[in-house]
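# Examination of the molecular architecture
The primary structure of each chain is shown beneath.
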Amino acid sequence: MKILFSFYPKRDQQTSLIEKFPQVEFIFQKPLDEKALKTADILVTYGEDLSASHLEIATQLKWIMVASAGLEKMPLDEIAARNIILTNARGIHKIPMAESILAHILSIKKSLPLMAENQQKGEWSPKLNPTELFGSTALILGTGAIGSEVGRILQAFGVRTIGCNRSGKMASSMDAIVSFGQLKEVLPDADIVISILPSTEETKYLLTYEHFQCMKQSAIFMNFGRGDLIKEEELLQALTEESIAYAVLDVFEKEPLQKEHPFWKMHNVIVSPHASSHSSQYVVRALEIFSKNLTEWLNESNQLENIIDLKRGY
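Residues numbered from 1 in each chain as written. Predicted model: local features only at pLDDT ≥ 70, side-chain atom pairs only at ≥ 80, totals over all residues. Heavy atoms only, no water.

## A short note on the packing of helix H1 (residues 11-20) against helix H11 (residues 282-298)
Relative to each other, H1 and H11 sit at 10 degrees, their axes nearing to 12 Å. With respect to their mutual orientation, H1 and H11 come out roughly parallel. Counting all contacts with H1, which are made through Gln13, Leu17 and Lys20, the residues of H11 involved are Val283, Val284, Leu287, Phe290 and Ser291. The residue inventory of the contact of H1 with H11, partitioned by class, reads five nonpolar, two polar and one charged. (Axes fitted to C-alpha atoms, helices over the stretch in contact; angles between N-to-C directions. Helix = DSSP H or I, 4+ residues; strand = E, 2+ residues; numbered from the N terminus. Parallel < 35°, antiparallel > 145°, perpendicular 65-115°, else oblique. Contact = heavy atoms within 4.5 Å. Nonpolar A, V, L, I, M, F, W, Y, C, P; charged D, E, K, R; others polar.)

See the structure below:
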């Protein structure tokens, strides 16, 4: 059995895999090599380097492991047509992303951006108007591993959590739950609106300008899922009109964000360069999931973690 990696784990990580699975031939290459693809049974990739033309070459391929959570750039239809099993590293982002989200919330609540601005000007001004997180309400769009971890931490700060998902089915660390169709009903109650939604047909442009008109003027909107949750011009209009107090944006419709984009200089926007999930433990956790699944695969078990529904894309 041949397993092709289209990225290079650290040397000790490669050695650990080779020693743990001596019956497997591991090939570590970057970029994808056609010769190696022809004979690979399993491909481990970040996903963005895999195209439909690669699949035509990879005639032996039976399983693709994506060492990330996002799948929107992958040829899902072609993978489905070949009956190739697709798994991802869903869940490995929950700790770094929850910490990043909490850091931004506390920063805004405790007026740290204004404090930093005053420091740059050499201005001693204790009139910062900080607010408390305790007693507020957070609406969390996306109640999977990341959303549940965000909910758990916010509840520890005395925050009421409302989850929002496609089905309206109850999820972990949520005090209440609503479906996508009930968003406008709960938006007026939310002090913080956090999206961690993936990009699917159901979530693309889910939020509109009208949704921002339903929010409190003091609300904080945070997008840590995908940039196509809302059309950028509609979000820009809502922020220019100050329909809400703040937007923290880690994802955008077009990345990287262009230098001339208004978001960079807006006083009520914090731009994060799609970096909230970055962590020194990223590959470590991804390989833990892969190793567990590979053990199951070699034992001819179908109990793999994080199998993707190719029709839904998650």
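Still to come is the rest of the account.
## Quick look at the pairing of strand S1 (residues 2-5)
Direction of pairing for S1 relative to strand S2 (residues 25-28): parallel, over a ladder of four bridges. Looking at the pairing, Lys2 lines up with Glu25 of S2. Crossover connection from S1 via H1 to parallel S2: handedness right-handed. As paired strands, S1 and strand S3 (residues 42-45) are joined by three bridges and run parallel to one another. Each bridged residue has a counterpart across the sheet, and for Ile3 the counterpart in S3 is Ile42. (Pairing = 2+ DSSP bridges. Right-handed = clockwise from strand over helix to strand, strands pointing away.)

## A few points about the packing of aromatic side chains
Overall, the coordinates contain ten aromatic pairs when judged by the stated rule. With centroids separated by 4.9 Å and ring planes inclined at 45 degrees, the aromatic side chains of Phe5 and Phe28 adopt a geometry described as tilted. Highlighted residues: Phe5 in strand S1 and Phe28 in strand S2, separated in sequence by 23 residues. The exposure class assigned to Phe5 is buried, which follows from its relative accessible area of 0%. For the pair Trp63 and Phe290, a centre-to-centre distance of 5.5 Å together with 35 degrees between the ring planes defines the contact as tilted. Pair noted here: Trp63 is in strand S4 (residues 63-66) and Phe290 is in helix H11, with a separation of 227 residues, a long-range link. What makes Trp63 buried here is its relative accessible area of 0%. What makes Phe290 buried here is its relative accessible area of 0%. Taken together through their ring pairs, the aromatic side chains of Phe5, Phe7, Phe26, Phe28, Tyr46, Trp63, Phe290 and Trp297 make up a single cluster. Seen from the ring of Tyr205, Lys231 lies directly overhead, with NZ or CZ sitting 5.5 Å from the centre. (Phe/Tyr/Trp six-rings, centres within 6.5 Å; stacked < 30°, edge-to-face > 60°. Buried < 20%, exposed > 50% of the residue type's maximum accessible area, 1.4 Å probe, protein only. Lys NZ or Arg CZ within 6 Å of the ring centre and 35° of its normal.)

## Remarks on the pairing of strand S5 (residues 85-88)
Note: S4 against S5, four bridges, orientation parallel. Note that in S5 the partner of Ile64 across the bridge is Leu86. Since S4 and S5 lie parallel, the crossover through helix H4 (residues 76-81) that links them has a hand, and here it is right-handed.

As far as function goes, none of this settles anything; it's purely spatial.
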